[in-house]
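Summary of the model geometry
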Amino acid sequence: MSGGVRRFESWPATGRPAGYFSSPVGEDASRFYKDNGFLVVEGCFDPVELEALKAETVRICRGERGEISGLEPSSSEESDDDVIRKTLCIHFPDKVSEVMRDQIVHPSLVNILRTVIGPDVKCMQQMLFVKSAGKPGQAWHQDEDYIPTRDRSLTGAWLAMDDATLENGCLWVIPGSHRTGVLWPMKFHNDRRFDCAWESYDFPYSDQDAVPVEVRAGTVVVFNGYLLHRSMPNVSSTGYRRALVNHYMSASSLLPWLWPEKPTGMAWHDHRDIILVCGSDPYAYMGTQDIMKPHVRPDGQGGCYTGEEE
Ligand SMILES: O=C(O)CCC(=O)C(=O)O
Ligand SMILES: [Fe+2]
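Residues numbered from 1 in each chain as written. Chains lettered and ligands numbered in written order. Predicted model: local features only at pLDDT ≥ 70, side-chain atom pairs only at ≥ 80, totals over all residues.

**Section: the overall build of the protein chain**
Helix and strand content of the protein chain: 5 helices and 15 strands. Relative to a compact globule of 310 residues, whose C-alpha radius of gyration would be 19 Å, the protein chain shows 19 Å and is just as compact. Taking the principal axes of the C-alpha coordinates as reference, the protein chain spans close to 50 × 45 × 40 Å. Out of the 310 residues belonging to the protein chain, those deemed buried represent 41%. For the protein chain, long-range pairs separated by at least 24 residues make up 82% of all intrachain contacts whose partners lie at least 6 apart in sequence. (Helix = DSSP H or I, 4+ residues; strand = E, 2+ residues; numbered from the N terminus. Rg over C-alpha atoms; globule rule 2.2 N^0.38 Å. Buried ≥ 20, exposed ≤ 12 C-beta atoms within 10 Å, placed from the backbone. Contact = placed C-beta atoms within 7 Å.)

Here it is in structure tokens:
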């Protein structure tokens, strides 16, 4: 994609911020990623591909592709806008949608993943954010808080389906925060700017160390599973901040994610609900499973479960 003339508030007066590259990426991007724990790759998806993903989002949110638990029912009289803006985010849309499933192995993504992870890559999660005006962001966290790899290879690939701006709730990252390899403590927060997911705290960085990642639609933000990141609420008055995020890791690491179904030890536990994206899977002999169910992510607008007894 050639990209328009749009400049963002946080961008320098000329050129792009540090860490922005064009697809396909090479060695310089790989070096930036190693040092900083994130990378921004422009021009990964063209406008036609983005339109197809947006149209599919409507079908998924209308329930036309299959059951999504927690999805608010909608009627055929409601406009597409009215239907999609109710939902903050759907986890595992790929379980009901071939279009979303195909996106996981898009050549631009495979180029990036080979560069930052290596030759053998698998995917264990997809999330579709709609994040319409008024919806909350996500508090500081590290993705390995949720999805534990054994070799720290967890990698998010966050595709902007709309321009992501300070106003509509773009990502923020703390560059280099992945390097210690420490998972910082987490707590319940009562901050209604963010959804119900817990917040990391007691880390040796401040909000002043964070940088916004404003990007044009079609750009992919890539980030390491130990990188501290968050997003602010969408405070614009209309529209969305749609993003399709996949989580990948090296296929040569086991993935002890959910509790084992059978009481095997954790040491050999491997979550097998994965898609092999490129290369080979040394654990292929274990087969694959269909475990994760598509569902709506709670947006906290009706309150959050605190983890404490009432
Ligand atoms: O898009 C967002 O607001 C947050 C996404 C995020 O935390 C992730 O994809 O890991
Ligand atoms: Fe995250």
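Don't stop here, the text continues.
**Some thoughts on the sheet that holds strand 7 (residues 171-173)**
One open sheet accounts for 4 strands, arranged 5-12-7-10; its pairing is antiparallel. The open sheet has two edge strands, strand 5 (138-141) and strand 10 (211-213), and neither has a second partner. Strand-to-strand, the axes of this sheet are offset by a mean angle of 25 degrees, without reference to chain direction. Pairing geometry for strand 7 and strand 10, over 3 bridges, is antiparallel. (Pairing = 2+ DSSP bridges. Axes fitted to C-alpha atoms, helices over the stretch in contact; angles between N-to-C directions.)

**Side note on the site of ligand 1**
If you check the shell around ligand 1, you find Phe 129, Gly 137, Gln 138, Asp 143, Gly 156, Trp 158, Leu 171, His 229, Ser 231, Ala 243 and Val 245 and nothing else. Those elements that place two or more of their residues in the shell around ligand 1 are strand 6 (155-160), strand 12 (229-231) and strand 13 (243-250). Of the residues contributing to the shell around ligand 1, the split by class is 5 nonpolar, 5 polar and 1 charged. (Near = placed C-beta within 6 Å. Nonpolar A, V, L, I, M, F, W, Y, C, P; charged D, E, K, R; others polar.)

**Thoughts on unusual backbone geometry**
With omega at 0 degrees, the peptide bond leading from Ser 23 into Pro 24 counts as cis. Checked against the element boundaries, Pro 24 lands in the loop between strand 1 (20-22) and helix 1 (27-36). Phi angles above zero are rare outside glycine, and Phe 92 is one such case at about 60 degrees. Summarising the element assignment, Phe 92 is placed in the loop between strand 3 (89-91) and helix 4 (98-103). If you check the backbone angles, Asp 202 has positive phi at about 65 degrees while not being a glycine.

**Here's the deal with the nonpolar core**
Core analysis: the biggest nonpolar cluster contains 70 residues, and Leu 39, Leu 159, Val 220, Val 221 and Val 222 have the highest contact counts within it. Excluding anything up to four places from it in sequence, Val 220 contacts Val 41, Cys 44, Ser 108, Leu 109, Ile 112, Ala 157, Trp 158 and Leu 159. (Core = buried A, V, L, I, M, F, W, Y, C linked by C-beta atoms within 7 Å.)

**With respect to helix 5 (residues 107-116)**
Buried within helix 5 we find Ser 108, Leu 109, Ile 112, Leu 113 and Val 116. Mapping the buried residues of helix 5 onto a view down its axis gives an arc of 130 degrees, with all of them on the same face. Once helix 5 ends, the next one or two residues include Gly 118, with phi positive near 135 degrees. (Arc of directions from axis to C-beta.)

**Topic: the confidence of the model for the protein chain**
As a general rule, the predicted coordinates of low-pLDDT regions are not to be interpreted in detail. Chain-level pLDDT for the protein chain is 95 on average; 96% of the residues reach the 70-or-more range. Mean pLDDT in the protein chain bottoms out at strand 15 (residues 295-296), which sits at 96, and peaks at strand 13, which reaches 99. (pLDDT = per-residue confidence, 0-100.)

**Remarks on the environment of Arg 193**
Structurally, the position occupied by Arg 193 is in the loop between strand 8 (186-187) and strand 9 (199-200). Here Arg 193 falls in the partly exposed class, since 16 other C-beta atoms lie within 10 Å of it. Placed 57 residues apart in sequence, Arg 193 and Pro 136 show a C-alpha to C-alpha distance of 5.2 Å. Residues in contact with Arg 193, not counting those within four places in the same chain, are Pro 136, Gly 137, Met 232 and Pro 233.

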